Every structure is written in structure tokens, then in C-alpha cells.
Amino acid sequence: MSEEHTGKVDFKVGSDTFQTWYKIYGDLKSSAKRPLVILHGGPGMTHHYMLPHKSLYFKAGIPVVFYDQLGNGESSHCKGVSPDFWTPELFMDELDNLLKALKINDDFDLLGQSWGGMLAGHYAAARSPPGLKRLIIANSPASMALTQEGTAKLLDKFPPEFVAMVRKHEAEGTCESPEYQAATMQFYQKHICTLNPWPEELNASFGAVAQNPTVYSTMVGPSEFNVIGSLKTWSIVDILHKITNQTLLISSPEDEIQECAVLPFFTQIPKVKWVELQNSTHLAMFEEPERYIGVILNFLENTSA
């Protein structure tokens with residue numbers, strides 16, 4: 001089998017059958033190392049911006065599984081479904097289905113970034129999957145209310161007229177305006193990725209959301225700091241103590257996900273290590289790649305499971 005291959009698995013939801021697209025680096029059957037499954041952010045983004053994690057295979061021989069979550073990329077876009085179709089439970093079911101189809105549900109590690117980390121934490125806490133050995137939560141909050149608390153403080157550091165303009169558009173429901181869109185990008189360039197220009201893989205994922213914003217707009221809303229979608233009240237703070245896996249947290253002081261939103265993971269998960277990367281914002285895989293990958297490798301290679 002080649003070092004890289006792609007495929008699709010059927011995923012039944014009620015009477016409908018959708019497809020989840022995946023890409024694997026390494027050989028799941030012959031490798032002596034446990035596979036690492038990657039959950040991308042959004043919700044509604046794609047695997048592209050997570051591709052730097054393939055270096056875990058090329059550096060250490062760890063098989064890495066990427067996939068596009070339902071709703072975008074190469075997976076089914078599920079057009080015409082009702083807004084209440086898009087739930088964390090749907091994406092946990094999709095993950096379960098993929099793991100079983102790839103025959104790795106009895107032994108795997110899980111890494112989620114941003115929304116992917118929210119999903120990974122929710123999955124580990126709510127379902128306690130026996131095959132999950134180690135958990136990595138990168139740049140993710142334990143509750144959306146705490147996320148909004150943090151982003152509000154970051155937004156307040158911008159000039160008063162900038163903040164007033166942003167809040168005016170939100171109050172008037174004109175978030176589609178070029179002015180508001182430019183403002184969100186200004187925020188993102190300070191607290192999501194500081195590189196200029198943005199990496200090609202990151203642009204590919206953001207481009208996918210621009211072409212099909214259904215999942216993001218339904219579950220989040222018009223921007224990271226104006227969450228009015230179905231995830232507005234999402235929280236797993238009360239069930240985090242149920243996570244029994246060795247867990248690694250990764251965050252950054254200038255990340256849009258501020259310390260207040262990460263802290264519950266640290267205080268509630270019994271076996272947890274927290275690493276702050278000082279020279280990154282939300283996407284250390286681009287901004288501080290060697291340090292970021294090194295932290296993950298150290299955890300995977302030196303933590304028993």
C-alpha cells in the first residue's frame with residue numbers, strides 16, 4: 001500500500017446514506033504504531049488546513065487519518081436537510097462510523113483542533129469509547145459561553161470605533177456587509193493566523209466555507225465573536241471529569257480561544273498536561289510548526305496508554 005491513499009465510507013443517517021471522505025498517511029494494517037485520527041475545525045471547514053500533521057507520519061511513522069466532516073469538502077454536503085440536522089451528536093456518530101469502517105475503533109489516538117477539539121472532548125466525555133487511548137485537544141474551548149467571554153475581551157483591545165462598527169452591524173443584522181467581513185478578517189489575522197500571506201492549505205479550508213457556509217452559519221453564526229447558532233449554549237464542562245484518557249491541551253496566549261475557555265479541561269480532566277505555545281495564535285501548525293509537532297510527538301511517544 002502507498003504512503004498516502006484516499007477513500008469514502010457510507011454513513012447512514014435515518015433513511016439517508018451519505019459519504020465521509022478520508023485520507024490516510026501510512027498503513028493502518030501493518031504499522032506497529034497506533035493511528036492518530038485528526039478532527040478539523042469549523043464546524044464546516046475541511047481537512048486541508050490540518051495537513052501539516054502528516055509530518056507525524058513522515059517523522060515518526062505514526063499513521064495519520066484525515067477526513068472531511070459531513071457538510072463540506074469531499075464528503076456529502078447534505079443539501080436540503082433541516083438546520084437541526086447539524087448537531088454534535090451527528091458528528092460523533094460520523095466519527096464512530098469512520099473508525100469502524102477503517103477497523104481502528106478498538107485502538108486509536110484522537111487529535112482535535114478548534115471545533116475539532118470541542119468534538120473530541122465531547123466524544124471522549126460522553127461516549128467513553130474503549131478504543132480511544134490518548135486525546136489531544138488543541139486551541140479548543142470547553143464551552144461556547146467561555147469562548148465568547150474571551151473573544152469579547154480580545155475585541156475590546158481594538159480601537160473603540162472598530163468595536164462600535166462591529167457591534168452595530170451585529171445589532172442591525174448586516175454581517176454580510178463588506179465592512180463587517182473585512183473586520184472579521186482583521187480579527188482573524190491577529191488571533192487565528194498571523195502569517196502573511198496565509199498558507200495555501202488554510203486558504204483552501206476557508207475557501208470551502210466561503211463556497212458552502214451552511215454548517216458554520218447554522219452552528220456558529222456570522223463570525224467567531226458573534227455566536228448565534230446552535231452551538232451558542234454548547235458546554236461540556238459538567239462531563240469533562242468522565243474523560244479517563246491521557247490528555248494533552250495546547251493553547252496560546254494570543255489565541256482566539258482564551259485561557260478562560262481552556263481552563264475547565266485542565267481542572268476537570270484527571271490525567272492532563274497543558275502546553276502553551278508563546279509564539280502562535282490559533283494555528284500553531286503554521287506559525288510555530290517545529291515546536292507544535294514536537295510537543296505532540298513527545299506526548300504520543302512518551303505517554304503510556
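Residues numbered from 1 in each chain as written. Predicted model: local features only at pLDDT ≥ 70, side-chain atom pairs only at ≥ 80, totals over all residues. Heavy atoms only, no water.

Colleague: Hey, could you run me through unusual backbone geometry in this one?
Modeller: Among all residues except glycine, the phi angle is most often negative; among peptide bonds, the trans geometry is most common. Here Gly42 and Pro43 are connected by a cis peptide whose omega angle stands at -10°. Take Pro43: it is sitting in the loop between β3 (36–39) and α1 (55–60). Residue Asn196 is joined to Pro197 through a cis peptide bond whose omega torsion reads 5°. Checked against the element boundaries, Pro197 lands in the loop between α6 (178–191) and α7 (200–211). Phi at Ser114 takes a positive value of approximately 60°, unusual for a residue other than glycine. Tracing the backbone shows Ser114 in the loop between β5 (108–113) and α3 (115–127). Phi is positive for Ser128, close to 40°, though the residue is something other than glycine. Positionally, Ser128 belongs in the loop between α3 and β6 (132–138). Here Ser128 falls in the partly exposed class, since its relative accessible area comes to 45%. (Helix = DSSP H or I, 4+ residues; strand = E, 2+ residues; numbered from the N terminus. Buried < 20%, exposed > 50% of the residue type's maximum accessible area, 1.4 Å probe, protein only.)

Colleague: Can you walk me through the packing of aromatic side chains in this structure?
Modeller: Any pair of aromatic rings gets described here by the distance separating the centres and the angle formed by the planes. Tallied over the entire structure, the rule returns 15 aromatic pairs. Between the aromatic rings of Phe187 and Phe225, the centroid separation amounts to 4.9 Å while the plane-to-plane angle is 65°, which identifies the pairing as edge-to-face. Residue Phe187 is found in helix α6, and its partner Phe225 is found in the loop between α8 (214–219) and β7 (246–251); the two are separated by 38 residues along the sequence. Like Phe225, Phe187 is buried. The interplanar angle of 55° and the centroid separation of 5.4 Å between the aromatic rings of Phe266 and Trp274 together place this pair among those described as tilted. Taking the relative accessible area as the measure of exposure, Phe266 reaches 39% and is therefore partly exposed. (Phe/Tyr/Trp six-rings, centres within 6.5 Å; stacked < 30°, edge-to-face > 60°.)

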